[in-house]
Every structure is written in structure tokens, then in C-alpha cells.
Amino acid sequence: MKKILALVAAATTPDDKFAVGNLILIAGNKLNNTAFQRQGLELQLASGKVAPTSLGMFNWFVGNLAFQAGDHGAARAALQAAAAAGYTAGDT
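Residues numbered from 1 in each chain as written. Predicted model: local features only at pLDDT ≥ 70, side-chain atom pairs only at ≥ 80, totals over all residues. Heavy atoms only, no water.

Student: Summarise the environment of Ala78; cite the residues concerned and give the values.
Tutor: Within the secondary structure, Ala78 is located in helix α5 (residues 72-84). A residue is classified by how much of its surface remains accessible, and Ala78, at 6% relative accessible area, is buried. Each C-alpha atom of the pair Ala78 and Met57 lies 10.0 Å from the other, and the pair is 21 residues apart in sequence. Excluding residues that lie within four positions of it along the chain, Ala78 makes contacts with Asn59, Val62 and Gly63. (Helix = DSSP H or I, 4+ residues; strand = E, 2+ residues; numbered from the N terminus. Buried < 20%, exposed > 50% of the residue type's maximum accessible area, 1.4 Å probe, protein only. Contact = heavy atoms within 4.5 Å.)

Student: Describe the packing of helix α3 (residues 34-47) against helix α4 (residues 55-68), and please don't skip the residues or the numbers.
Tutor: Contact geometry for α3 and α4: axes closest at 9 Å, N-to-C directions at 145 degrees. Where α3 crosses over α4, the handedness of that crossing is left-handed. In contact with Thr34, Gln37, Arg38, Leu41, Glu42, Gln44 and Leu45 of α3, α4 contributes Leu55, Phe58, Asn59, Phe61, Val62, Leu65, Ala66 and Gln68. Taken together, the residues of the contact of α3 with α4 break down into eight nonpolar, five polar and two charged. (Axes fitted to C-alpha atoms, helices over the stretch in contact; angles between N-to-C directions. Left-handed = near helix turned anticlockwise from the far one by under 90°. Nonpolar A, V, L, I, M, F, W, Y, C, P; charged D, E, K, R; others polar.)

Student: Please provide a residue-by-residue account of the environment of Ile24, values included.
Tutor: With respect to the helices and strands, the residue Ile24 is situated in helix α2 (residues 14-31). Using a relative accessible area of 2% as the deciding quantity, one classes Ile24 as buried. Sequence-wise, Ile24 and Gly48 are 24 residues apart; in three dimensions their C-alpha atoms are separated by 17 Å. Ignoring any residue separated from it by four or fewer positions in sequence, one finds Ile24 in contact with Ile4, Val8, Phe36, Gln39, Gly40 and Leu43.

Student: Residue-level account of the nonpolar core, with values.
Tutor: Listed in full, the seven residues of the largest apolar core are Leu25, Leu41, Val50, Phe58, Val62, Leu65 and Ala78. Here this core takes three residues from α4, the largest share from any one element. Leave out the neighbours within four places in its chain, and Leu41 touches Leu25, Phe58, Phe61, Val62 and Leu65. The next biggest cluster of nonpolar side chains, apart from the first, holds six residues, and it includes Ile4, Ile24, Phe36 and Leu43. (Core = buried A, V, L, I, M, F, W, Y, C linked by side-chain atoms within 4.5 Å.)

Listed below in C-alpha cells is the structure:
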């Protein structure tokens, strides 16, 4: 966990944030760790480097992970962003 926090702190450029977010997402997928998955996706979104055509999907996954974690406010915001981007679960 300390190494992940160090990576996040060291990521200062949008490209760095996107790359670190992707690494955290991959680690979360391999470890089946939903907190890492969400953190990775959120960092990628915050980087501003997610392709416009993928913004809805990223937000949809963040919203679902937030909902599972009981973070309903964040879930609502992310799912509304996904809907605003025209994304629905059937688009996967």
C-alpha cells in the first residue's frame, strides 16, 4: 500500500496520473481489490487523458464500485456522469 501511495504522490503530470491509475487498476483486477480498481479508474479520470468515447464507461464502473462500497453520493455523481455521456450498462 505504501508503494501505491508513493506512486500516486509522484504522479504530477496528466500522463503520469493516467499511467499510475492504469497500474493501480491492473493491480486491483489481479488482486480482486475493488478499492484499488476504483482508485485507479478515478485517477485516470482525474488525469483528463481518458478518451472522450470512454468517459461514460469509466464513470459507470466508478459509480458501481462506489455503490458497492456504500459511497452513495460518489456513486450517484459518477453514474450521472456516465448517463450524461450517453453510457448505459448495455454498452459494455
